[in-house]
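Fold and contact review
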Amino acid sequence: MVGHGLLRHGAKVTGRAGGLNRTAPAAAKHRIGRAPYAADVSDDDLVRRLRLGDESAFAEAVNTYHSSMVRLAQTFVPSRAVAEEVAQDTWLAVLKGIDHFEGRSSLKTWIFRILANRARSTGAREQRTTPVDLTDEATVDGRRFDAAGAWSDPPAHWSDEVVDRLSSGPLVAQVRAGISELPEGQRAVVTLRDLDGLSSKEACDVLGISEANQRVLLHRGRSRIRALLELELAKR
Amino acid sequence: MRLPTLRRDIECQQAVELVTGYLEGTLSRREARRFEAHLRACDGCEEYLRQVKATIAVLGSVQPDDLAPETLQGLLELYRQFRGE
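Residues numbered from 1 in each chain as written. Chains lettered and ligands numbered in written order. Predicted model: local features only at pLDDT ≥ 70, side-chain atom pairs only at ≥ 80, totals over all residues. Heavy atoms only, no water.

Brief notes about the overall build of chain B
Inclusion rule: Runs of H or I in DSSP of at least four residues are treated as helices and runs of E of at least two as strands, each being numbered from the N terminus. Relative accessible area decides the class of each residue, using a 1.4 Å probe on protein chains only: under 20% of the type maximum gives buried, over 50% gives exposed, and in between gives partly exposed. For the area figures, the Shrake-Rupley method with a 1.4 Å probe applies, and any residue is considered shielded solely by the protein chains shown.
Helix and strand counts for chain B come out as six helices and zero strands. Sequence-ordered secondary structure for chain B, helices as α and strands as β, is α-α-α-α-α-α. In chain B, which comprises 85 residues, the share counted as buried stands at 47%. In the structure as shown, chain B presents an accessible area of about 4400 Å², 47% of it carried by carbon and sulfur atoms.

Observations concerning the pattern of salt bridges
All names here are of chain A. Formally: Any Lys or Arg side-chain nitrogen located within 4 Å of an Asp or Glu carboxyl oxygen qualifies as a salt bridge.
With the rule as written, the count across this model stands at 21 salt bridges over all chains. A salt bridge links R48 to D45; the nearest nitrogen and oxygen atoms lie 2.8 Å apart. You can see R48 and its partner D45 sitting in helix α2 (residues 43-51), three residues apart, about one turn around the helix. Assessed through its relative accessible area of 44%, R48 is described here as partly exposed. Note that E60 is salt-bridged to R49, the shortest N-O span being 2.9 Å. Separated by 11 residues along the polypeptide, E60 in helix α3 (residues 55-73) and R49 in helix α2 bring together distant segments of the chain. Here the salt bridges do not stand alone but share partners, grouping D45, R48, R49, D54 and E60 into one network.

Looking at helix α4 (residues 29-41) of chain B
Given 3.6 residues to a turn, an α-helix orients residues that are three or four positions apart in the same direction. The condition that has to hold: Working rule for helices: expected span equals 1.5 Å times residues minus one.
The end-to-end C-alpha distance of α4 of chain B is 19 Å, a good match for the 18 Å that 13 residues give at a rise of 1.5 Å each. For α4 of chain B, the full list of buried residues reads A32, F35, A37, H38, L39 and A41 of chain B.

Observations regarding the interface of chain A and chain B
Note the cut-off: We call two residues contacting when some pair of their heavy atoms lies within 4.5 Å. The buried area of a pairing is the accessible area, by a 1.4 Å probe, that goes missing from both parts when the two are put together, added over both.
Contacts between the two partners involve 70 residues from chain A, matched on the other side by 52 residues from chain B. Buried surface at the junction of chain A and chain B, summed over both partners, amounts to about 5300 Å²; 64% is from carbon and sulfur atoms. At the boundary of chain A with chain B, the tally comes to five salt bridges. Across the salt bridge formed by R193 of chain A and E24 of chain B, the nearest N and O atoms sit 2.9 Å from each other. Listed by contribution, the elements that provide at least two residues to the side of chain A that touches chain B are α1 (2-18), α3, α4 (80-97), α6 (160-166), α7 (169-180), α8 (184-195) and α10 (211-235) of chain A. The element that contributes the greatest number of residues to the side of chain A that touches chain B is α10 of chain A, accounting for 10 residues.

Remarks on the nonpolar core
How we decide: As used here, the term nonpolar core means buried Ala, Val, Leu, Ile, Met, Phe, Trp, Tyr and Cys residues forming a set that is joined through side-chain atoms within 4.5 Å.
Among the nonpolar cores identified, the biggest contains 67 residues, and F58, W91, L107 and I111 of chain A are the most heavily contacted of them. Contacts of I111 of chain A, omitting those with residues within four sequence positions, involve Y65, M69, T90, W91 and V94 of chain A. Counting 19 residues, the second-largest nonpolar core is a separate cluster that includes F145 of chain A together with A15, L18 and V19 of chain B.

A few points about the packing of aromatic side chains
Basically, it comes down to this: Only Phe, Tyr and Trp rings take part, Trp by its six-membered ring, and two of them pair if their centres are within 6.5 Å. Stacked means planes under 30 degrees apart, edge-to-face means over 60, and tilted covers everything else.
By the definition in use, this model includes six aromatic pairs over all chains. Where F101 of chain A meets W110 of chain A, the ring centres are 4.9 Å apart and the plane angle is 50°; that geometry is what we call tilted. Residue F101 of chain A is classed as buried on the basis of its relative accessible area, which comes to 9%. Between Y22 of chain B and F35 of chain B, the ring centres sit 4.5 Å apart and the planes meet at 40°, which makes this aromatic pair tilted. Taken together, the residues span a long stretch of sequence, with Y22 of chain B in helix α3 (residues 19-24) and F35 of chain B in helix α4 at a distance of 13 residues. Taking the relative accessible area as the measure of exposure, Y22 of chain B reaches 24% and is therefore partly exposed. For F35 of chain B, a relative accessible area of 1% translates into the label buried.

See below:
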């Protein structure tokens, strides 16, 4: 499926790229499946090498960002295969645009912004996207408070052992499923902020939304996932 | 659980709405003080904040799928085509 997509897109590009007459990349030194690069690879260095046509720099960028890009794209498009295609198109846009990258945002934010825009327009074509819903949504079910707004059914205590257990195995799988069921805007913001670790400003840059909207979406997304965990823990 | 003198300012139902603003540092100083005062007097809301923090930690442990070697190879082929090789 994905391989087919790659060939198809690759074929489209060949004609256009033929005239670019770039210098051959330096000997490829990349290794497959290495751990994502940490912050020690600075944007400046990576951008410089990408501009020089260094294939190992491209491999590094792919190793660092591709999986997160596919995950974010899945927020907006109906399938994993389409998300892979969007990510692949984004890489082409990155290669074409890297000479114009001005470094006003981080490389990651810049790449994610290109990706989010493409994924959203693809999603709109697939008629999946819905407008950001900012209508009222209670953080906690209102039935858990008394008439004065005090807890009548307060949250049960999560012991330290319970909290330690949260990040292991089955509950993480539940959380993954819960994220994929969040409304689009909440899912995108939770993914960028809590899964990818972007700042609120970066998340706003990527999605083109205000800080206030971003905060509402983050709040609701986190609230839903907390409620899901509460429900799962109550079953155990 | 209920300490009316301290909790008069905000009720639990309002407090839970302030959690993200509090964690993001976007509440006004006055709002943040009221929120903290409420939490000191309210076990339910203190627990709620703790659970939200634990939720954020779990979310942070959700990793994207590993990059498949064939995906990397496919993208490198795309790269070489782009560079006109």
